[in-house]
Amino acid sequence: MLAAFAFTSCKKDETETDETSTELTFANLSVEENKKALEQNGIEFVNHINSLPDEKFISALESFAKISDRATGEIPFEIKELGIIGDAAKAKNLVKIFDASTSLSSSINKLGDYYGTYTWNASNDSWTKVSSNSKLEIKFPSVGSSTNNVTFTASYVASGKTATIDGETFELPSSATASLVVDGKEELKLTSTYQYLSDGSPSLVDLKLVFGSFSLTTNVTSDSKKGTYTFSLNKGNVILLEAAGGGNGNANISKIENAEDVDDLLENANSIVSLMNIQFVGNVDVKSIATELDKVNGLSDKAYSQKEAELYNKYAEAYAIYKKEKTLIAKIAYESVEESYSYQTYYDDNGQYLQIPRTITYYYYNLEPKLVFKDGSKISFESFTDTGFSQIIDKLESLADRMEAKLP
């Protein structure tokens, strides 16, 4: 899944914007006004996800975790990803929610060995099992309930294909589903479908996770040389976060396992990421950058870093826009930035002790993206966010305090 999402690649298609940064005009705003607009965009995003920790499925999963801890006999299967989804939702960690949902669906192929209906017996803190050939079902109480008002159900369909990774062979599912029902209402549902190439590399992954009033969807297609991906996080009908893109390359399970650098797998890539009304667009010719850097010999660290910046500015384009207005906020330019650190030592280069310490300074160089605004001013991301953004910082700190108060 990660291989397809990160390394496979794609042709230009309808998911991309029609405009390039050279065709778009800058928004008629100052740097400070752009900063305020970005801050407000962030506040709106936080306001939307503010209700996530209060979703009903979270307390149900917390109850399951507590029951499992005190059960006299453990359930003989792992659904730890469900607990991770609950913890991540409480903490508003979208990356962990995505990771856990993809792990749950792709590893659910092992579930057939543990099919059965497990019912919680509160009188002796144990599980009662009834065999099943078609599904895994768990019945237990939510927090504060005296009855088993929660039902978790999961099943999968085997594809008949396998993949071997690190010497271990895995059965691959063609589809997988999981559902959590609380008081007769479905609070969490995961559905996924898959198709594969001959070596087990995914050619299609289509996944949807509905958790309370939120939904997460992702779709990946690949033939190992070309592919596309889309991703979306919604609250009801409001799109909070979405991404689309792909590239061209050569990625299968074997190559991904043995690759030493990204350019071993990826030749070029393009992406669009939108957070509410702010959209980041980028494309990069990875192969051309790598090819030209391979020709560079004998350069100092400083000169090499400057060459990198030159090539990124030549073969990569990135910019931020206001999605609805289709106007530029800033373009991205790359610069080589010198940094240093120093320390004192009582020894010379030959290891001889010195009465007076000497100072050793090392210089190193980083490739740093800079925001270039309408007036031509360049600002690093760190400098841009260090000043201002007070409201969004306060909002995030308030939510962090709220989360800490909810944690057991």
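Heads up: the structure comes first, above all this text.
None of these values were measured; they are calculated from a predicted model.

## What to know about the overall build of the chain
- Counting secondary structure elements, the chain contains ten helices and 16 strands.
- Going through the 408 residues of the chain one by one, you find that 41% of them count as buried.
- Once local pairs closer than 6 in sequence are excluded, the contacts in the chain between residues at least 24 apart make up 54%.

## Some remarks on the nonpolar core
- Membership of the largest hydrophobic core comes to 51 residues, with the highest contact counts inside it found for F57, W127, F140, L180, F211 and L216.
- When residues of this core are assigned to their parent elements, the largest contribution, six residues, is made by helix α3 (residues 56-70).
- Those residues within four positions of L216 in sequence are excluded, and the remaining contacts are I97, F98, S101, L207, K208, L209, F211, F231, S232 and L233.
- Judged by nonpolar contacts, the second largest core, of 13 residues, contains V31, I278, A318 and I329.

## Regarding the pattern of salt bridges
- Considering all chains together, one arrives at twelve salt bridges under this definition.
- Here K139 and E137 are joined by a salt bridge, their closest N and O atoms 4.0 Å apart.
- On the accessibility criterion, E137 (12% relative accessible area) is buried.
- Connected through salt bridges with shared partners, the residues E335, E368, K370 and K378 form a single ionic network.

## Section: the packing of aromatic side chains
- Evaluated as defined, the whole model comprises 13 aromatic pairs.
- Consider the rings of Y347 and Y353, whose centres lie 5.8 Å apart with planes at 75°: the pair is edge-to-face.
- Assessed through its relative accessible area of 43%, Y347 is described here as partly exposed.
- In this structure an aromatic cluster arises from ring pairing among F64, W120, W127 and F140.

## Some points on the pairing of strand β5 (residues 168-182)
- Alignment of β5 against strand β6 (residues 185-196), held across eight bridges, turns out to be antiparallel. For S175, the partnering residue across the bridge sits in β6 and is T193.
- Connecting β5 to the antiparallel partner β6 that follows it, the hairpin turn spans two residues, and D183 within it adopts a positive phi of roughly 50°.

## Let's talk about α3
- The first and last C-alpha atoms of α3 sit 22 Å apart over 15 residues, in line with the 21 Å expected at 1.5 Å per residue.
- Residues F57, I58, A60, L61, S63, F64 and I67 constitute the buried set of α3.

## Things to note about the side chain of T327
- Tracing the chain through its elements places T327 in strand β14 (residues 327-347).
- Sequence-distant contacts of T327, that is, excluding residues within four places in its chain, are made with T25, F26, A27, A320, I321 and Y322.

## Some points on the pairing of β6
- Of the pairings in the sheet, the one linking β6 to strand β7 (residues 202-211) comprises nine bridges and is antiparallel in character. Counterpart to Y196 in the pairing with β7 is P202.
- Counting the residues in the hairpin turn of β6 and β7 gives five residues, including G200, whose phi is positive at 95°.

Reading the values: rules and limits
Residues numbered from 1 in each chain as written. Predicted model: local features only at pLDDT ≥ 70, side-chain atom pairs only at ≥ 80, totals over all residues. Heavy atoms only, no water. Helix = DSSP H or I, 4+ residues; strand = E, 2+ residues; numbered from the N terminus. Buried < 20%, exposed > 50% of the residue type's maximum accessible area, 1.4 Å probe, protein only. Contact = heavy atoms within 4.5 Å. Core = buried A, V, L, I, M, F, W, Y, C linked by side-chain atoms within 4.5 Å. Salt bridge = Lys/Arg side-chain N within 4 Å of Asp/Glu carboxyl O. Phe/Tyr/Trp six-rings, centres within 6.5 Å; stacked < 30°, edge-to-face > 60°. Pairing = 2+ DSSP bridges. Expected span 1.5 Å × (residues − 1).

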